[in-house]
Amino acid sequence: MRIKTFLAVLLLSLSLTSSAGASSVTWTWHASGHLGKIVSCAGQGSHKAASTCQFNIGSIPGNDVLHEIITFTNNSSSQLCYGISTNTSYMSGLSSVCVKPHSSKQHVAKSSVVNFQELSLGVFITSGASNQPIGAIASNTLSDFAISLSELQSSATMGFNAYEPKNFAGFTFTHFTLSDKTLCSDKALRVFAIGGRGTFGNSLPGISIFEKAQGTCASTPEFNTKISSQIVNGHTAQVLSNCAGVAAGKCGATQVKANGGLVTWTIPGSGAMKSTVVSVTSYNLSLATLLSVARSIR
């Protein structure tokens, strides 16, 4: 009897541990390109202005610390200096870094995210002369650069736990990303992960997971018909699909595969943490696959 009681307590402990949620969520942004003889810019909101690569990034979500790493690789036979321009609604600034021939060097900075609203970054080759301003110059050299921005947002700061999937329908899951606050009318934080390129308009497989604090980021579901209720890890979940033109009571697994499906439920919070609303959406995948992904989120 004691052994049975011990096993019951142990299983309960393991269950509670597996449902604790992720302690943090990572937001990342990347860009890259070439400077000098060839000027090219690759990254969200990028464009060339003379010999400069400019990136209009927008407001960084969250409210923790933004980490900025810009790596310059000098492929020429002489030292080159690079300029970095930073503009936000809070501040503007210029900095520079010089790199030896055939070498790489990083510019590393970190600051509070609240200082990086409406952020734009520019990178360029500059003279490096102490008696001249930091400005872009034309150059016939070859250089590469890579920009990495990241923020590690703690669940405690978000106010709700994020729960990661063990099964992502065959797609690679690395981490949740913070969504842009402007996507919610109340500017609330959401986290999401997207796999594949499936949508209403194609036959490609795809799945997405969105999580938010209960009572925030209100929106109208894009799925119009409830198919059933399911139990997902002890919580009652609603299953919906798009069933326009389908006779009442006939909407089911076929429509989930053909028109997309949604499973949504709420995981209660504890202490200061709010309850988490979890929504899993699939396109061109079976209802069984959709439910399998949902039930792997703990």
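This text goes with the structure placed above it.
One structure accompanies this document, and this report is about it.

The next point concerns the sheet that holds strand β1 (residues 24-36). Ordered by their spatial adjacency, five strands build an open sheet running β2-β1-β10-β5-β8, and the pairing between neighbours is antiparallel. Both outer strands of the open sheet, β2 (40-43) and β8 (103-112), are each paired with one neighbouring strand and no more. The sheet shows a mean angle of 15° between the axes of neighbouring strands, taken without regard to direction. Here strand β5 (residues 65-74) runs beside β8; their pairing, made up of ten bridges, is antiparallel. Bridge pairing in β8 places T73 opposite S104.

Another aspect to go through is the environment of R190. Following the sequence through the fold, R190 ends up in strand β12 (residues 190-196). C-alpha separation for the pair R190 and T177, spaced 13 residues apart in sequence, amounts to 8.4 Å. When sequence neighbours within four positions are dropped, the list of residues in contact with R190 reads T177, L178, S179, L183, C184, F210, E211, K212 and C217.

Taken as a whole, helix α4 (residues 287-295) has its buried residues at L287, L290, L291, V293 and A294. In a view along the axis of α4, the buried residues occupy a sector of 160°, so they form one face of it. If you follow the buried residues of α4, they end up packed against β13 (206-213), β14 (225-232), β15 (235-241), α3 (253-259), β16 (261-267) and β17 (276-283).

The next subject is the pairing of β16. Along a regular strand, successive side chains alternate from one face of the sheet to the other. Within β16, six of the seven residues are buried, which leaves the element mostly enclosed by the surrounding structure. Here β15 pairs with β16 via four bridges, running antiparallel. Of the residues in β16, the one forming a bridge with V239 is V263. The pairing of β16 with β17 spans seven bridges and is antiparallel. Directly across from T266, in β17, lies its bridge partner V277.

On to the state of the cysteines, then. Under the definition given, this model contains four disulfides. Here C41 engages in a disulfide with C53; their sulfurs sit 2.0 Å apart. Given an S-S torsion of about -85°, the disulfide between C41 and C53 has left-handed geometry. Residue C41 is located in strand β2, and its partner C53 is located in strand β4 (residues 52-58); the two are separated by twelve residues in the primary sequence. Relative accessible area serves as the criterion here: at 0%, C53 is assigned to the buried category. Across a sulfur-sulfur distance of 2.0 Å, C81 and C98 are joined as a disulfide pair. Around the S-S axis, the bridge from C81 to C98 shows a dihedral of about 100° and counts as right-handed. Taken as a pair, C81 in strand β6 (residues 80-87) and C98 in strand β7 (residues 92-99) lie far apart in primary sequence, 17 residues in all. For C81, a relative accessible area of 6% puts it in the buried group. What makes C98 partly exposed here is its relative accessible area of 28%.

What follows is about the environment of L119. With respect to the helices, strands and loops of the structure, L119 is situated in strand β9 (residues 119-126). In this structure L119 comes out as buried when scored by relative accessible area, which is 2%. Linking L119 and K250, residues 131 residues apart in sequence, is a C-alpha distance of 50 Å. Leaving out residues up to four positions away in the same chain, L119 has contacts with F55, N56, I57, G58, S59, I60, T86, N87, T88 and L149.

The rules we used
Residues numbered from 1 in each chain as written. Predicted model: local features only at pLDDT ≥ 70, side-chain atom pairs only at ≥ 80, totals over all residues. Heavy atoms only, no water. Pairing = 2+ DSSP bridges. Helix = DSSP H or I, 4+ residues; strand = E, 2+ residues; numbered from the N terminus. Axes fitted to C-alpha atoms, helices over the stretch in contact; angles between N-to-C directions. Contact = heavy atoms within 4.5 Å. Buried < 20%, exposed > 50% of the residue type's maximum accessible area, 1.4 Å probe, protein only. Arc of directions from axis to C-beta. Disulfide = S-S within 2.5 Å.

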